[in-house]
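Residues per chain are reported as follows:
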Amino acid sequence: MAISTRPPRTLSDIKTHSGRVSRDHQVYRDYFQVGALELERWRRSKEREAASSRIEGIDSRIAEIDQEKEALLAGAAAACAEANGQGKPEPVGKKKSSGLRIQY
């Protein structure tokens, strides 16, 4: 078998038509880009829906926390009123101070 003196072929030796075509009349590229944009828009709308559902879940949990907090505070106020020997809890409001009081 004879030894080849020709250098091996590489990717740069492959002949293609890639640089020879005018890009003026390639409408399919525009359609492909429109399709890609539609897919991206669809993905973004799915992201928006997921984020909205998460926000709704967070809002509902905040409302539940507020309700539980109010119930606990009402129970604590009732327990304090019973411990002080009063039938009803005192309304919380501003009291008039009658001067400076110092306890020794």
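Structure first, text after, so check above.
Only a predicted model underlies this, so the values are computations on that prediction, with no experimental measurement involved.

The helix and strand inventory of the chain stands at 1 helix and 0 strands. The proportion of buried residues among the 104 residues of the chain is 2%. A total accessible area of about 11,000 Å² is found for the chain, and carbon and sulfur atoms account for 57% of it.

One pass over the structure, following the stated rule, counts 5 salt bridges. Two residues, Lys46 and Glu49, come together in a salt bridge whose shortest N-O distance is 3.8 Å. Linking Lys46 with Glu49, this pair stays in helix α1 (residues 27-83), spanning 3 residues, or about one helical turn. A relative accessible area of 40% places Lys46 in the partly exposed class.

Turning to α1, a few remarks are in order. In this model, α1 (57 residues) spans 84 Å end to end at C-alpha, consistent with the 84 Å of a helix rising 1.5 Å per residue. Gly85 lies just past α1 and shows a positive phi near 85°.

What counts and what doesn't
- Residues numbered from 1 in each chain as written.
- Predicted model: local features only at pLDDT ≥ 70, side-chain atom pairs only at ≥ 80, totals over all residues.
- Heavy atoms only, no water.
- Helix = DSSP H or I, 4+ residues; strand = E, 2+ residues; numbered from the N terminus.
- Buried < 20%, exposed > 50% of the residue type's maximum accessible area, 1.4 Å probe, protein only.
- Areas by Shrake-Rupley, 256 points an atom, 1.4 Å probe, with all protein chains shown as cover.
- Salt bridge = Lys/Arg side-chain N within 4 Å of Asp/Glu carboxyl O.
- Expected span 1.5 Å × (residues − 1).

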